[in-house]
Structures are given as structure tokens and as C-alpha cells.
Amino acid sequence: MSRATLPSKGIEREALFASMRERKRQDADWRGARTWSLCYPAGEEVDSVLAEANQLYLYENALNPFRFPSVRQMEVDVVGIALSLLHAPPAADGCMTSGGTESIIMAMKTARERARAERGVEHPTIVAPYSAHPAFAKAASYLRMELVAIPLREDLRADVAAAAKLVDDRTAVVVGSAPCYPFGVVDPIPELAALARDRGASFHTDACLGGFLWPFWEALGESVPPFDFRVEGVTTISADVHKYGYATKGASTISHRDGEHLRRHQMFVYRDWPGGGYASFAMAGARPAAPIAAAWAILHWLGRDGYVRLARKIRDTTRKLRDGVAAIDGLFVHGRPEMSLFAFGSARHDLFAIADAMDDRGWCLDRQTGPDALHMMVSPEHEKVADAFLVDLRESVETHGTSRGKEARYS
Ligand SMILES: Cc1ncc(COP(=O)(O)O)c(C=O)c1O
């Protein structure tokens, strides 16, 4: 591919956007609900609220709360809503970040600083299930911490007995997912949190996916595994508004049971330069205000009843898809997924050939290995395509199930 150069003369606006629209045609059709990850389509009305909120705050910078107090207040409100949904105690506090990864990195940094300050830990570890998101490995790499993997039990949840042997004096933080991305199952959070608490270590619940869905799942009368601040020992929780909160990308929250940890261990303060005092809670310096505004807008526009309505659609569609997939000869669902995502496997068929065939029909299914699986994460708009998807999947299995796919090299 040749390297781009700056055009010598500016391009006419009409031609410019025509070219951009043309380029965009190659992208995944998330609006048509043909994708099963990356985007969380919730319908045109949601999109139009997000677009208007983004437009209103497209240029502001959330770095300085004194210059843009309305942005600051929206962040405080979004965090307040997250804290309420997660049953945080009065002393809790938090902030927004650009996404789950940044929230996780800041939680790991907080745990590292806390372990050093309170227990003199010099070579800190993060003890996290094998199924935990790569953001924990990234955090370990950035922060010079060691990642220690907890093996999974047969049900694909973290093995608590194995974890007990891995948690020691170096442990800064133990992690559990609610749910994990690969299989949609929830780790035994109370048991893992107890291991951390017994050592005086932090415990992080990765509720990037579940944080803005479980509360409404509970409202539907579904059983919800313990994961939030009601569990003793949970010290931080990441919950993304840009996933099941339906905000546009760039909106996550990190919540601390003890707000002092946010200020003492997460915040970065610097004065030793000529440009004035500098304080920041997250990795980024300049921060776009638009994702904060969009998160605030969608939370208020949907309200509790809107989120419950969308949660019902997700629940019913997930059940239909999960049952439909399991009913196809030779396919099975991995583990017992509890929320809105799952992965399916096959002892007989070549899953990756099936995924290729589904690609050809315009569906984007993510491939997983260890164990081999195809991954599905359900959003409200999938309600409209679930039947068509299952027809295409059945036909793809019948016609391609036993041939070899292009991703088969991983197996
Ligand atoms: C469970 C979980 N944690 C963390 C993340 C990372 O979030 P982000 O991609 O917003 O950085 C994801 C992303 O899918 C996730 O599923």
C-alpha cells in the first residue's frame, strides 16, 4: 500500500464526503445488526440522541473542569449514576475514562500504588482469570506488574482453589469478570474477593460488559450473580457506558469503594513546570467532551424504563439465539452463559469454515481459540435479525460444516 501524502490543494467538500461514504461501504454493517461485537445497536432513536449530544460538545475539552463546568457536571452525574447502579457506599467515588481498557489500567495503577503504600509491595502481581480481558495484560505491561493467570474450571469460571495458591504477599489485586468476554460467564466474585481481602489486597470486578446491563436484568426478575459493591472486598469496578449503556465510543466509568483511593492513588498531580498546576485522573491529557455528553444524554433520555425495555429485548433475543444455535445438529454452547453473550463450539464441524460461510452472507462472527468457538454478543437490534441469522447458520453448517476454514491454522 502506498503511503498517503497531504493533498496539495484542498478537496471540495461534496467530493470529500462522497469519497468518505464510498470508503465506508466496505465496513461491517452494524446498523443492520449483522455484527456480533464492537457495536451495540439500539435503534435509530438512540442514534439520533447520541448524534445531537455529540454535535453539541464536539469541540470542548474535558481536561479543565473550571473552563467547562457543564462537562464536569455531566461527568459527575454519569459517575453518580454508575455508583448508584452498582450499590456503592456513600464514601465511594469515581471518574470517566475513554473505555474499558483505560478504566482497567487506572484500577490496576490504583491497586499497585495502594499495595506499595499500605503493604510495601515492590514487585506487585495482578491475579486474574485466564478468561480476563487482555486489558489486564496491557496494564501489567504498562505498569511493570506481573500478570498471574488463574486457570478456569470446567464451567469456564475462575478456579477459586487454584487462585488461593496464587494469591500471596505480592498480590496487589485479584480480578474477576462479570461477565468475561469470551464465554459470557461470571467468575465467583465473592470467593475471589475474599481471597484478596484476607491479604489486604484490592479486588477489581470487570463489569465493563455487565455494569450497565445487570441492574436492568435484575429488574426483569432474572437472577444476577453477585458482582458489585454489595460484595464485601470489591474495591473497584469498571463499567462501560459505551457498551450496554449504548453511548458512543469513548465512555467508561471506574468506581472506587473508597473515594480516597481515587484521589490518593489514581490521580496524577504535577506542578514542576512553567505551565501551572496539572491534575488528571486518567491516562489521557486532553479529553473529548463529546463522549461524556453522549453518555449523559443517553442515560437521561432512556431512563430506567428505557434500559429495562432494551434489556428485555436483549434477554429474549439471547435466549432465542442460544436455543436456536444449540438446536443445530453438531453445535453446542460453551459453559452456561448468564447474560447477553455466548460462544458456541462443535466437536464435529469446522467452525471456522462455518464462520467463513457466514461472512459470505454478510454476518460478522468473531473466531475464538482455546477452545475453538464462534462468539456472539447480543444487542437490542438483533431482535430483528435473529430468525434470519439462525436460518443462515443452519444452512452454513449443512453446506460448509465439515470443510476447513481459513482460520483453521489456529487449531
Ligand atoms: C469484559 C471486558 N473488559 C474490558 C473490555 C475492554 O473495553 P474497551 O474495548 O472499551 O477498552 C472489554 C471489551 O470488549 C470487555 O468485554
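Residues numbered from 1 in each chain as written. Predicted model: local features only at pLDDT ≥ 70, side-chain atom pairs only at ≥ 80, totals over all residues. Heavy atoms only, no water.

Moving on, we come to the overall build of the protein. The secondary structure content of the protein amounts to 12 helices and 13 strands. Its C-alpha atoms give the protein a radius of gyration of 22 Å, near enough to 22 Å, the size a compact globule of 411 residues would have. Counted over contacts in the protein with a minimum sequence separation of 6, partners at least 24 positions apart contribute 72%. When the accessible surface of the protein is split by element, carbon and sulfur atoms take 52% of a total near 19700 Å². For the protein, the separation between the mean place of its 49 positive charges and that of its 53 negative charges on side chains is 3 Å. (Helix = DSSP H or I, 4+ residues; strand = E, 2+ residues; numbered from the N terminus. Rg over C-alpha atoms; globule rule 2.2 N^0.38 Å. Contact = heavy atoms within 4.5 Å. Areas by Shrake-Rupley, 256 points an atom, 1.4 Å probe, with all protein chains shown as cover. Lys, Arg positive; Asp, Glu negative; His and termini not counted. Charge placed at Lys NZ, Arg CZ, Asp CG, Glu CD.)

Turning our attention to the sheet that holds strand 13 (residues 373-377). Within the open sheet, the four strands sit side by side as 10-11-13-12. Their pairing is antiparallel. Because the sheet does not close on itself, it has two edges, and the strands there are strand 10 (331-333) and strand 12 (366-368). The mean inter-strand angle of the sheet, taken between neighbouring strand axes irrespective of direction, is 35 degrees. Here four bridges tie strand 11 (residues 341-346) to strand 13, and the two strands are oriented antiparallel to one another. Of the residues in strand 13, the one forming a bridge with Phe342 is Met376. Across the face of the sheet, helix 11 (residues 351-360) comes into contact with strand 10, strand 11, strand 12 and strand 13 while running at roughly 45 degrees to strand 13. (Pairing = 2+ DSSP bridges. Axes fitted to C-alpha atoms, helices over the stretch in contact; angles between N-to-C directions.)

Attention now goes to the site of the ligand. Near the ligand there are 13 residues, and of these Gly100, Thr101, Asp206, His242 and Lys243 occur at the shortest range. One of the side-chain N or O atoms of Asp206 is found 2.7 Å from a nitrogen atom in the ligand. Here the element with the most residues in the shell around the ligand is helix 4 (residues 100-119); it accounts for three residues. Here the residues of the shell around the ligand sort into five nonpolar, five polar and three charged. (Near = heavy atom within 4 Å. Polar contact = N/O pair within 3.5 Å; in protein donor to acceptor, adjacent residues only side chain to side chain. Nonpolar A, V, L, I, M, F, W, Y, C, P; charged D, E, K, R; others polar.)

Evaluation of the coordinates by the stated rule reveals 28 salt bridges. Between Arg367 and Asp359 there is a salt bridge, and its shortest N-O distance comes to 2.9 Å. Since its relative accessible area comes to 23%, Arg367 is described here as partly exposed. Overall, Asp359 belongs to the partly exposed group, its relative accessible area being 29%. Among the salt bridges present, the one from Glu395 reaches Arg361, with a minimum N-O distance of 2.9 Å. Of this pair, Glu395 sits in helix 12 (residues 386-400) while Arg361 sits in the loop between helix 11 and strand 12, and the two are 34 residues apart along the sequence. (Salt bridge = Lys/Arg side-chain N within 4 Å of Asp/Glu carboxyl O. Buried < 20%, exposed > 50% of the residue type's maximum accessible area, 1.4 Å probe, protein only.)

Here strand 4 (residues 171-177) lies mainly inside the structure; seven of its seven residues are buried. Sheet topology note: the strand 2 (residues 125-129)/strand 4 ladder contains three bridges and is parallel. In the sheet register, Ile126 faces strand 4, and the bridge partner there is Val173. Bridge analysis of strand 4 against strand 5 (residues 202-206) gives five bridges, and the strand direction is parallel. Residue Ser177 lies in a different strand from strand 5, and its bridge partner there is Asp206. Assessed by its sense of winding, the connection that carries the chain from strand 4 through helix 7 (residues 189-199) to strand 5 is right-handed. (Right-handed = clockwise from strand over helix to strand, strands pointing away.)

As a further point, take the nonpolar core. With 96 residues, the main nonpolar core has Tyr246, Phe389 and Leu393 as its most contacted residues. Inspection of this core shows a minimum of three residues originating in each of domain 1 (52-298) and domain 2 (304-395). Dropping the residues within four chain positions of it, Leu393 is found in contact with Val325, Ile328, Leu331, Phe344, Ile354 and Met358. By size, the runner-up hydrophobic cluster in this structure holds 25 residues, among which are Ile126, Ala135, Ala139 and Ile254. (Core = buried A, V, L, I, M, F, W, Y, C linked by side-chain atoms within 4.5 Å. Domains from an automatic or database assignment.)

Now for the state of the cysteines. Enumeration over the complete set of coordinates arrives at zero disulfides. The thiol sulfur of Cys95 is not disulfide-bonded, and the nearest other cysteine sulfur, from Cys208, lies at 13 Å. On the basis of relative accessibility, which here comes to 2%, the residue Cys95 falls in the buried class. (Disulfide = S-S within 2.5 Å.)

This brings us to the domain arrangement of the protein. We note that the domain assignment places domain 1 (52-298) and domain 2 (304-395) within the protein. For domain 1 versus domain 2, the separation of C-alpha centres amounts to 28 Å. On the domain 2 side, the residues contacting the 28 residues of domain 1 number 27 residues. Between domain 1 and domain 2 the total buried area reaches about 2400 Å² when both faces are included, carbon and sulfur atoms providing 64% of it. Taken together, the links from domain 1 to domain 2 amount to 11 residue pairs in polar contact (both at pLDDT 80 or more). (Buried area = accessible area lost by both parts, 1.4 Å probe.)

Mapped onto the secondary structure, Ser379 falls in the loop between strand 13 and helix 12. Look at Ser379 and you get buried, because its relative accessible area is 1%. Apart from the residues lying within four places of it in its own chain, the contact partners of Ser379 are Cys39, Tyr40, Pro41 and Ile314.

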